[in-house]
Amino acid sequence: RTVYVNGQYVPESEASISVFDRGFLFADGIYEVTAVLNGRLMDFEGHVARLHRSLNELNMHLTLNDNALRDIHRQLIEKNDLQEGLVYLQVTRGVADRDFAYPDASTPVTLVAFTQQKAIIDSPLAERGLRVISLPDMRWGRRDIKTVQLLYPSMAKMEAKKRGADDAWLVESGLVTEASSSNAWIVDHDNTLITRELSRSLLHGITRRAVMQLARQHDMKVEERGFTIKEAQNAREAFVTSATSLVYPVISIDQRSVGDGTPGDIAKALRRLYIEAGLSVSSS
Ligand code: PLP
């Protein structure tokens, strides 16, 4: 693979980052993952907008403009001949002596990007649907910032796998915040889509927003509010959204079937609509 590191495209075996990089020492960095379908970026504008938001919240400064960022994404897609998968972009606060205080603002950030192949459209998990477990949300209080501090979600994923499930839905004060790496949704018995309102408690998913728009365009009702695991278990359908899963139906929660225990029609329809919308975009 050809990867991007601080202005250069290099074979992955030649790419290097300092031992003193704050991303490595403090998880002092943020990232974005943009899906690639048919060689094209999905929702790139949304991902770049969120990148800026994360940078702002953490007082990090990126000198590259959005066109340059888009160019890096496109070049990586081209150099790696990527048809379907993702582009990962990470920005850290750069290299400095180890100190909790941020280094001088003139310290250049570290910018890394790479591609990864993934079958997104023909995904076995989309066909089968996910089994999820619930776990307490023990992450930090600024989940709206997309930081590389991902240990708790990794632990949650491992716990889910240990229990024979695919993923975890995280619960705080009795309500689901989101899944370990996606936003959580349910569909009630009036076919209203429900997903938690935006706050610092969850990531403001780009796919969440896109799917919400699509749903409203197709005259579906969407309600933004929290819900309990019990409500989700008793819902008509459940699903998750994220850049690289798009829409994955959820078929069970804590071993209780949701609906009839097979992928729901609304989740399947939203997945199809989102893929169609992505494939019809010609500008990215
Ligand atoms: N929630 C969490 C915790 C995530 O890590 C992600 C991203 O993968 C999402 C939600 C979904 O966000 P997006 O749709 O922007 O990929």
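As shown above, the structure is provided for reference.
Residues numbered from 1 in each chain as written. Predicted model: local features only at pLDDT ≥ 70, side-chain atom pairs only at ≥ 80, totals over all residues. Heavy atoms only, no water.

Caption draft 1: Looking closely at the packing of aromatic side chains. Inspection of the entire model under this criterion finds 6 aromatic pairs. With 5.5 Å between their ring centres and 20° between their planes, Tyr31 and Tyr88 make a pair best called stacked. Taken as a pair, Tyr31 in strand 3 (residues 29-37) and Tyr88 in strand 5 (residues 85-92) lie far apart in primary sequence, 57 residues in all. Judged by relative accessible area, Tyr31 falls into the buried class, the value being 11%. Aromatic pair Trp185 and Phe239: ring centres 5.2 Å apart, planes at 15°, arrangement stacked. On the criterion of sequence distance, the pair formed by Trp185 in strand 10 (residues 183-187) and Phe239 in strand 13 (residues 237-242) is long-range, its members being 54 residues apart. Through a chain of ring-to-ring contacts, the aromatic side chains of Tyr31, Tyr88 and Phe114 assemble into a single cluster. Positioned over the ring face of Tyr9 is Lys79, at 4.8 Å from the centre of the ring. Taking NZ or CZ as reference, Arg93 lies 3.3 Å from the ring centre of Tyr102, over its face. (Phe/Tyr/Trp six-rings, centres within 6.5 Å; stacked < 30°, edge-to-face > 60°. Helix = DSSP H or I, 4+ residues; strand = E, 2+ residues; numbered from the N terminus. Buried < 20%, exposed > 50% of the residue type's maximum accessible area, 1.4 Å probe, protein only. Lys NZ or Arg CZ within 6 Å of the ring centre and 35° of its normal.)

Caption draft 2: Here's a closer look at unusual backbone geometry. In the Ramachandran plot, Asn6 falls in the positive-phi region, its phi being about 45° despite a non-glycine side chain. Of note, Asp219 is a non-glycine position whose phi angle comes to about 60°, a positive value. Mapped onto the fold, Asp219 is located in the loop between helix 6 (206-217) and strand 12 (222-224).

Caption draft 3: Looking closely at the layout of surface pockets. Quantified by volume, the largest pocket comes out at close to 1,200 Å³. Together, 45 residues line the largest pocket, and Tyr31, Lys146, Ser180, Ser181 and Ser182 are the ones closest to its centre. The set of elements that each furnish at least two residues to the lining of the largest pocket consists of strand 3, helix 2 (44-57), strand 5, strand 6 (110-117), helix 5 (151-162), helix 6 and strand 13. Of the residues forming the lining of the largest pocket, the biggest block, 6 residues, is contributed by helix 5. Here the residues of the lining of the largest pocket sort into 19 nonpolar, 15 polar and 11 charged. In this structure, the lining of the largest pocket is formed jointly by two domains, domain 1 (2-117) and domain 2 (124-280), each of which donates at least three residues. (1 Å grid on protein atoms, 1.4 Å probe; cavity = no way out; pocket = protein on both sides within 12 Å on 5 of 7 lines; lining within 4 Å. Points joined across faces, edges and corners; volume = space filled by probe spheres on them. Nonpolar A, V, L, I, M, F, W, Y, C, P; charged D, E, K, R; others polar. Domains from an automatic or database assignment.)

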